[in-house]
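So the chains spell out like this:
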Amino acid sequence: ELVAQRLAAKLRRDFAESDALLQRLLDSGVRVTDDHRLWRSDDRPFVVPYRQEGGGIPRLGTGGTARIEALVLERGAAKASKDYRRADALEAELSRMG
């Protein structure tokens with residue numbers, strides 16, 4: 001119910017109320033991500049699965065996309081645990097891959 005109340009407050013643009021409700025959620029062990037419109041009450045990170053579209057990247061060869069998927073998931077976990085240095089390093093590695 002607090003999640004719904006917070007959403008209603010955000011839609012009313014009552015950000016002070018929304019922030020207060022978010023703090024109540026956090027205090028009760030519920031984490032919310034507005035980016036993906038998700039909430040969790042466990043300690044698992046918010047990792048949103050990615051999917052490949054198009055024909056892939058031929059120069060990566062066999063297994064290349066699996067490596068990219070693994071790096072993307074690892075980066076998501078690093079960001080969720082606030083290890084931004086690791087997340088940035090993984091982003092740089094992904095960028096070098098194309």
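About the thresholds
- Residues numbered from 1 in each chain as written.
- Predicted model: local features only at pLDDT ≥ 70, side-chain atom pairs only at ≥ 80, totals over all residues.
- Heavy atoms only, no water.
- Helix = DSSP H or I, 4+ residues; strand = E, 2+ residues; numbered from the N terminus.
- Polar contact = N/O pair within 3.5 Å; in protein donor to acceptor, adjacent residues only side chain to side chain.
- Contact = heavy atoms within 4.5 Å.
- Salt bridge = Lys/Arg side-chain N within 4 Å of Asp/Glu carboxyl O.
- Buried < 20%, exposed > 50% of the residue type's maximum accessible area, 1.4 Å probe, protein only.

1. Things to note about the side chain of R6
Right, on to step 1. Tracing the chain through its elements places R6 in helix α1 (residues 2-11).
Right, on to step 2. Of note is the side chain of R6, whose polar atom sits 3.5 Å from the backbone oxygen of S18.
Right, on to step 3. Those residues in contact with R6, other than ones at most four positions away along the chain, are S18, L21, L22, L25, V32 and D34.

2. Concerning the environment of L38
Right, on to step 1. Locating L38 in the fold gives a position in strand β2 (residues 38-40).
Right, on to step 2. A sequence separation of 35 residues divides L38 from V3, and the C-alpha atoms of the two residues are 9.7 Å apart.

3. Considering the pattern of salt bridges
Right, on to step 1. In this structure the tally under the stated criterion is four salt bridges.
Right, on to step 2. In this structure, the salt-bridge partner of E93 is R67, at a minimum N-O distance of 2.9 Å. Of the two residues, E93 is situated in helix α4 (residues 84-97) and R67 in helix α3 (residues 64-80); the sequence distance between them amounts to 26 residues.
Right, on to step 3. The exposure class of E93 is partly exposed, given its relative accessible area of 23%.
Right, on to step 4. Owing to a relative accessible area of 40%, R67 belongs among the partly exposed residues under this scheme.
Right, on to step 5. Of the charged contacts in the structure, one is a salt bridge between E91 and R75, with a shortest N-O distance of 3.5 Å.

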